[in-house]
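# Overview (structure and organization)
Okay, here's what each chain looks like letter by letter:
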Amino acid sequence: MKAKTLALVFFLLPALAGEGLPGQTLILPFPGLEGEAVFQVAPFRPLLLPREAEGVAVLVLEVPQDTPPGVYRVCARAREVVCQEVEVPEVRRLETSLRADGLGGVVVVLENRGNRPETVRLSPEGESDLGFAPLQVTLAPGERKTLRLALGPGVLLLRVEGGGRVERHRLEVKAPGGKPPPYRLKGSLEGSFPLGLWGSLEGSLSRGSALALRLQGLPSPGVFGRFVLGGAFAEGAFGSQGLGEAALGYEEKAFALRLAYPLALRGEWRTKDGVWFLEGGENRVALGYGGAGFSFRASWAGSPAFRLERSGDGWAYLAYEGTLRAGGGLPLPQGAFLQGEAALYPERSLALALGGPGYRLEGRVSERGWGASATLAFPLGGFGAWGSLALGEASGLVLGLRGQEGGLSWSVEGGFRGGPVAQARLAYGEGPYALEGALGYGTGGFRGEVRGRYAFALPVPEGLTLALGGYEQAPVEGLVRLEGKPLAGARVVGRHGLAQTDGEGRFRLFLDREGEVLRVEPPEGALALPKEVPARPGGFLAVDLEGAGLVRLRCEGEGGLGAYLLGEAGSLYLPCPGQGVVVPGVYRVVPQGREGFRAEGSPEAVRVEALKEAEVLLRFGPLPLAPARGVSGGPSPRAWGLRPPRNRR
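This write-up is about the structure you can find in this document. None of these values were measured; they are calculated from a predicted model.

Once that is clear, we can look at the sheet that holds strand β5 (residues 70–77). Spatially, β2-β5-β6 is the arrangement adopted by the three strands of the open sheet, whose pairing is antiparallel. What marks the edges here is a single partner per strand, and that holds for β2 (38–40) and β6 (81–88). Going from strand to strand, the sheet's axes swing by 15° on average, the running direction of each strand aside. Looking at chain direction, β5 and β6 are connected through eight bridges and run antiparallel. Paired with Arg77 across the strands is Val81, a residue of β6.

Here's what the structure looks like:
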């Protein structure tokens, strides 16, 4: 026996450890024990403890998930006391899940799966459509908390800090009835010193329209605008000299047409394999094709030009645009690549590049000279360092260092590149704000710049969205009735949200425009059956729910488990005591008792009427004779194709 036990110990040696990870199994051998043994294993849970030791005792313990980090002693006492130390390391693991509740709110579930208390901070990101005051929640080990945020419709960008890390979640929140959130135009304002000012505003206005604006105030004022409605679009650029460019066009899945000023016309024909295009303007014309990893373009603008290109992991091209050129690239193992380009006529040159994560080597030679460079990036003391060495036509050596902590980033570099060069940069960004400053020195002397940026979002008014085509979903209105009377509090569930009927049984729910199937559920406590109905936006939908009955099962005596109700509409198992909502009808009652018990004088059937309650009373008692194995008290449920429940004692 001792030999078998020792063999088991050596077999389990890979699992034996003096470290106990929370939530895992720990195996501890105690050699040298003889006779009856007593063990002290707290705070661990015993899974296997031997009663007697024969040379060695093997303990199998479970480390509870919430065991605090520390060193614990596990002791065994037979003829003598032997102890081992088990170290439980610190484990930080925060699990976060969130979902929209369909009523304009968000449900956030936080669970501390580690073994130390955690303080969790929830806050909206700066770019989030929805905002709320930051929350701070403390979770004990193993604790789980559910939070509900009442926010309204929009897109939530949630930042969760806890468990030693930062998580970011994105969730679309819809109003009650599945009403989509308003479309939002994303915008930004930027300024710099020396003087510069820019702005932009772009995004969808409705399901079939979009707007894009780009403004420049200083140093040279100008504006670019583009408006899309359905398949049509118009765009134009204006500057200090007046209208610079303008275009009108129309796009569909199979073709596109664009007329531009200065005079130019472009047409596209789209197939499942690719796109053909033909364009022309003043003294120029071009024809091309692109698709399936291959493209070509041929044009004439005073002289011929062409370009053939193969795209993908291994790419290559051949082109003539005043100079005949060829090039390509190949992917290499471990993220590396090899690229090359050659000019063949009338110029002649060759350039090669080999690179990968953290390095790049280049070489080039032409009729005018040669050059080579090497760039290397590597970590240095928690920062990122890099260096670049160039030889040949533009010799130089530049070294740099950069780092980042949260929203703050910085970099410095210095060296020689046609003269001494140096530059320092500092940037900070949080939420919608960003600020960057740079100071440098080079061949032109000292230079400096400060840039700032502010991002914002503007909701599109609902009236404008509806006038331009509406949302991706459209509403349907309806009424839910039970036995011809309006039913308040019923839930109407669709693909994108849910609605509850008001006091008059009415609801409004947004659906996909092609229609979908809705599930109508009665309110809690109502004797009605759920129903699924097809629906399309527009019009009015009336839903009549069928009435149901309620069966209550009451048991007296001992040994009762429950009963099966078997009817034409289906079957139902009710425990003792229990109740269930069923389709009206007649149900056969099949009592179920523990082994050795039966129901005496039980009813054979029960009639259930709509909107009414029916009660079934079963009296259980022991069998007068030695019980046969199996479930007693009625016909075997297996004869009805049912599986009896497991006995509960």
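As a further point, take the sheet that holds strand β53 (residues 613–622). Read from one edge of the open sheet, four strands run β49-β46-β53-β51, paired in mixed fashion. Here the strands that pair on one side only, and so sit at the sheet edges, are β49 (578–582) and β51 (597–599). The sheet shows a mean angle of 25° between the axes of neighbouring strands, direction not considered. Of the pairings in the sheet, the one linking β51 to β53 comprises three bridges and is antiparallel in character. Among the inter-strand pairings, Ala599 is bridged to a residue of β53, identified as Phe620.

We now examine the pattern of salt bridges. Applying the stated criterion to the full structure yields 38 salt bridges. As a salt-bridge pair, Lys179 and Glu462 come within 3.2 Å of each other at their nearest N and O atoms. A residue pair is termed long-range when its members are at least 10 positions apart, and Lys179 in the loop between β13 (165–173) and β14 (184–193) and Glu462 in helix α2 (residues 462–467) qualify at 283 residues. The class for Lys179 is partly exposed, based on a relative accessible area of 26%. Overall, the relative accessible area of 35% leaves Glu462 in the partly exposed class. Taking the shortest distance from any N to any O, the salt bridge between Glu521 and Arg519 comes out at 3.1 Å. On the accessibility criterion, Glu521 (23% relative accessible area) is partly exposed.

A word on the environment of Ser204. Within the element layout of this structure, Ser204 appears in strand β15 (residues 196–206). Residue classification places Ser204 among the partly exposed residues on the basis of a relative accessible area of 32%. Residues Ser204 and Thr465, spaced 261 residues apart in sequence, show a C-alpha to C-alpha distance of 9.2 Å. Residues contacting Ser204, with those up to four places away along its chain left out, are Tyr183, Arg184, Leu185, Ser209, Ala210 and Val460.

Bringing the environment of Leu352 into the picture now. Along the chain, Leu352 falls in strand β29 (residues 349–356). For Leu352 and Gln334, which are 18 residues apart along the polypeptide, the C-alpha to C-alpha distance reads 19 Å. Non-local contacts of Leu352, meaning those with residues more than four positions away in its chain, are made with Gln339, Gly340, Leu361, Glu362 and Gly363.

For the rest of this paragraph, the subject is the state of the cysteines. Here is the idea: a disulfide is a covalent bond, and it sits between the sulfur atoms of two cysteines. Scanning the entire structure with this criterion turns up two disulfides. In this model, Cys75 is linked to Cys83 through a disulfide, with the two sulfur atoms separated by 2.0 Å. In this structure the cystine formed by Cys75 and Cys83 twists about its S-S bond by roughly 105°; its chirality is therefore right-handed. Its relative accessible area of 15% is what places Cys75 among the buried residues. The side chain of Cys555 participates in a disulfide bridge whose partner is Cys576; the two sulfur atoms lie 2.0 Å from each other. Because the sign of the S-S torsion sets the handedness, a value of about -60° for the bond joining Cys555 and Cys576 places this disulfide among the left-handed ones. Of this pair, Cys555 sits in strand β46 (residues 549–557) while Cys576 is found in the loop between β48 (570–575) and β49, placing the two residues 21 residues apart along the sequence. Residue classification places Cys555 among the partly exposed residues on the basis of a relative accessible area of 25%. For the protein chain, the bonded cysteines pair up as 1-2, 3-4 when numbered in the order they occur along the sequence.

Quick look at the pairing of strand β16 (residues 209–218) now. Looking at chain direction, β15 and β16 are connected through nine bridges and run antiparallel. Looking at the pairing, Glu202 lines up with Ala212 of β16. Turn length for the β15-β16 hairpin, with the two strands adjacent in sequence and antiparallel, is two residues. Hairpin connection between β16 and strand β17 (residues 222–229): a loop of three residues separates the two successive antiparallel strands.

Reading the values: the criteria
- Residues numbered from 1 in each chain as written.
- Predicted model: local features only at pLDDT ≥ 70, side-chain atom pairs only at ≥ 80, totals over all residues.
- Heavy atoms only, no water.
- Pairing = 2+ DSSP bridges.
- Helix = DSSP H or I, 4+ residues; strand = E, 2+ residues; numbered from the N terminus.
- Axes fitted to C-alpha atoms, helices over the stretch in contact; angles between N-to-C directions.
- Salt bridge = Lys/Arg side-chain N within 4 Å of Asp/Glu carboxyl O.
- Buried < 20%, exposed > 50% of the residue type's maximum accessible area, 1.4 Å probe, protein only.
- Contact = heavy atoms within 4.5 Å.
- Disulfide = S-S within 2.5 Å.

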